[in-house]
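Listed here are the chains, written in short residue letters.
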Amino acid sequence: MSNTFNKIFKVTTFGESHGKAIGAVIDGCPSNIEITENDINNELKRRRPFNNKYTSQREEEDKAKILSGVYKNKTLGSPICVIVENKNFSSKEYLKTKDILKPSHANYTYMQKYGLFDPRGSSRASGRETIARVIASAIAKKILDHYKIKTIAYIKQIKNIKANIDHSDYSSLKENTYNSPIYCPDIKASKKMESLLDKTIKEKDSIGGVVEFAAYNMPTSLGEPIYDKLDARLGSAMLSIGGSKGFEIGKGFESSKMRGSEYNDLYIFENSRIKTKTNNSGGILAGISTSELLIGTVAFKPTPSILKPQKSINLQNKSAVLALDKSSKHDPCIAIRASVVVEAMLNLTLVDFILLNKLSAL
Ligand SMILES: Cc1cc2nc3c(=O)[nH]c(=O)nc-3n(C[C@H](O)[C@H](O)[C@H](O)COP(=O)(O)O)c2cc1C
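So, a few notes on the structure that sits alongside this text. Throughout, a residue's number is its position along its own chain's written sequence, starting from 1. Whole-chain, interface and lining totals are the exception, using all residues; otherwise, since this is a predicted model, local features are given only for residues with pLDDT of at least 70 and side-chain atom pairs are given and counted only at 80 or more. In computing side-chain properties, one takes all heavy atoms of the structure into account and sets aside hydrogens as well as water.

**Thoughts on the overall build of the protein**
- A tally of regular secondary structure across the protein gives nine helices and 18 strands.
- We compute the radius of gyration from the C-alpha atoms alone; for a globule the expected value is 2.2 Å times N to the 0.38, where N is the number of residues. Taking 362 residues into account, the globule formula puts the C-alpha radius of gyration at 21 Å, and the protein, at 21 Å, falls close to it.
- Summarising its shape, the C-alpha atoms of the protein cover approximately 65 × 50 × 35 Å along the three principal directions.
- Whether a residue is buried, partly exposed or exposed follows from its accessible area with a 1.4 Å probe, protein chains only, as a fraction of its type maximum: under 20%, in between, or over 50%, in that order. By the burial criterion, 51% of the 362 residues in the protein qualify as buried.
- Every residue pair with non-hydrogen atoms within 4.5 Å of one another is taken to be in contact. Pairs at least 24 apart in sequence give 71% of the contacts found in the protein among residues at least 6 apart.
- Accessibility throughout is a Shrake-Rupley quantity obtained with a 1.4 Å probe, and a residue counts as covered only by protein chains that appear here. Accessible area for the protein stands at about 18,100 Å²; split by element, carbon and sulfur atoms hold 51% of it.
- Within the protein, the 38 negative side-chain charges are centred at a point lying 4 Å from the centre of the 54 positive side-chain charges. Working definition: helices are DSSP H or I runs of at least four residues, strands are E runs of at least two. Numbering for both runs from the N terminus. Charge convention: Lys and Arg are scored as positive, Asp and Glu as negative, and His as well as the terminal groups of each chain are ignored. A single reference atom marks each charge: NZ on Lys, CZ on Arg, CG on Asp, CD on Glu.

**Observations concerning the site of the ligand**
- Throughout, near means a residue has at least one heavy atom within 4 Å of the molecule or strand. Residues in contact with the ligand amount to 16 residues; listed here are only the nearest, H105, A125, G243, K245 and S305.
- Contacts described as polar in this section are N or O atom pairs within 3.5 Å, which, within protein, must combine one atom able to donate a hydrogen with one able to accept it, while residues neighboring in sequence count only if both atoms come from side chains. Within the backbone of G243, one N or O atom sits 2.9 Å away from an oxygen atom of the ligand.
- Take S305: an N or O atom from its side chain is 2.4 Å from an oxygen atom of the ligand.
- Note that Gly is not counted as nonpolar here; it falls among the polar residues with everything else outside the nonpolar set of Ala, Val, Leu, Ile, Met, Phe, Trp, Tyr, Cys and Pro and the charged set of Asp, Glu, Lys and Arg. For the shell around the ligand, the residue count by class is four nonpolar, eight polar and four charged.

**What to know about the packing of helix 1 (residues 37–47) against helix 4 (residues 130–146)**
- Relative to each other, helix 1 and helix 4 sit at 130°, their axes nearing to 9 Å. The pairing of helix 1 with helix 4 is recorded here as oblique in orientation. Relative to helix 4, helix 1 is oriented so that their crossing is right-handed. Counting all contacts with helix 1, which are made through D39, I40, E43, L44 and R47, the residues of helix 4 involved are T130, I131, V134, I135, A138, K141 and K142.
- Taken together, the residues of the contact of helix 1 with helix 4 break down into six nonpolar, one polar and five charged. To obtain an axis, a line is fitted to C-alpha atoms, over the contacting stretch when the element is a helix, and the angle between two such axes runs from 0 to 180 degrees between their N-to-C directions. Here is the rule for angles: anything less than 35 degrees is roughly parallel, anything more than 145 is roughly antiparallel, 65 through 115 is roughly perpendicular, and the remaining ranges are oblique. Each crossing gets its hand from how the near helix is turned against the far one by less than a right angle, where anticlockwise is left-handed and clockwise is right-handed.

**Brief notes about the side chain of R133**
- By the element assignment, R133 lies in helix 4.
- Judged by relative accessible area, R133 falls into the buried class, the value being 6%.
- A polar contact is formed between the side chain of R133 and the side chain of E129, at a distance of 3.0 Å.
- A polar side-chain atom of R133 sits 2.9 Å from the main-chain carbonyl oxygen of S240.
- Residues contacting R133, with those up to four places away along its chain left out, are A237, S240, I241, V341, A344, M345 and L348.

**Observations regarding the layout of surface pockets**
- By volume, the second largest pocket amounts to about 540 Å³.
- When contributions to the lining of the second largest pocket are tallied by element, the ones reaching two or more residues are strand 8 (150–158), strand 10 (209–216), strand 11 (244–249) and strand 16 (294–300).
- With five residues, strand 16 is the single largest residue contributor to the lining of the second largest pocket.
- Grouping the amino acids of the lining of the second largest pocket by side-chain chemistry returns seven nonpolar, seven polar and six charged. Here a cavity means grid points, on a 1 Å grid over the protein atoms only, where a 1.4 Å probe fits yet cannot get out; a pocket means an open set of points with protein on both sides within 12 Å along at least five of seven lines; lining residues are those with an atom within 4 Å of a point. Grid points are joined across faces, edges and corners, and a volume is the space filled by probe spheres set on the points.

**Quick notes on the environment of K87**
- Its place among the elements puts K87 in the loop between strand 7 (80–85) and helix 2 (92–96).
- When the C-alpha atoms of K87 and G19 are compared, they prove to be 9.4 Å apart, with 68 residues separating the residues in sequence.

**Describing the sheet that holds strand 4 (residues 64–68)**
- At least two DSSP bridges between two strands are required for those strands to pair. The antiparallel open sheet is built from five strands, whose spatial order is 1-2-3-7-4. Whereas interior strands pair on both sides, the edge strands pair on one side only; in this sheet they are strand 1 (4–5) and strand 4.
- Packing of helix 4 onto the sheet brings it into contact with strand 2 (10–14), strand 3 (21–27) and strand 7, and relative to strand 3 it is tilted by some 35°.

Any functional reading would require information beyond the geometric quantities listed.
Below is the structure:
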């Protein structure tokens, strides 16, 4: 399995959803960065379910324990290991259906490749794995703060309801995102999406969505052409999140329907710096950041676990029906909590390129 990412700010994650703990080892983090368990817990709070009815009702405490690499709230430059113990979970529900292939989930391919699957949860394909990414991101965020780079991710679309996003001011975008129970900064659209989610939950189903991410105050020069272009690495980071099915930077797929004269971002010189009139490229050119707003989207499929019974087959290749119990706990829309993970992967990718840049300009 591949459980490590990044080149300098290396993150290795470990743990199964129903094992003893989930955690991350961060190797390559510079020394003297202030970090406390509280800083990490504040980030974990946003990812946690049980915030409201639109996320999984699994009651998770998610308290971080720093095991190594930090002394008197400062990073030492040595590997940092942080864990979150798995508490308040029941494997009973999972064990009842352990022999049935779960449509659009992981047990079929894991079983084919590894010959067995931890039936107590969803193993490494569990949404809980993303705790480890958010832990590492809490530390990465401190480095971004030093460079005054501000990042955010939020719900842009659920099914066909689209949010109208005002990107002009980071603080109000953040405030509106945090105020929405589904992390959608457009209050009107958020209400419509909440009604659709209520209907979907009643119908024992799930729904897909699109997350947009943005980074403000970007410096130029982040990205390593040609095999580690910033957009290529962001794509890889985002598509490693469970349930993600599409990635776009700037105008993305829409650019394929445009003419050069419409798409090209024209240069201007304003306030003593080179800027572009438009930002269809999403802040990246030839794999390198331009200093315009870095912006892209990630599409998420509907949650595979639904309460509606689904026809499948079992491990004996016989027909079977996967009927999850009312009490089983799943996200009605992965994209909502995944927005916190998208922001985490953005932070971790940007920090890796900041540290890589230190090597390329001696
Ligand atoms: C934050 C988060 C929460 C998730 N919650 C659930 C869930 O409650 N039920 C479920 O079936 N899948 C859930 N998933 C999705 C699975 O992780 C994903 O479907 C699985 O890894 C297979 O998808 P893939 O083919 O895109 O990797 C969640 C994913 C994320 C990122």
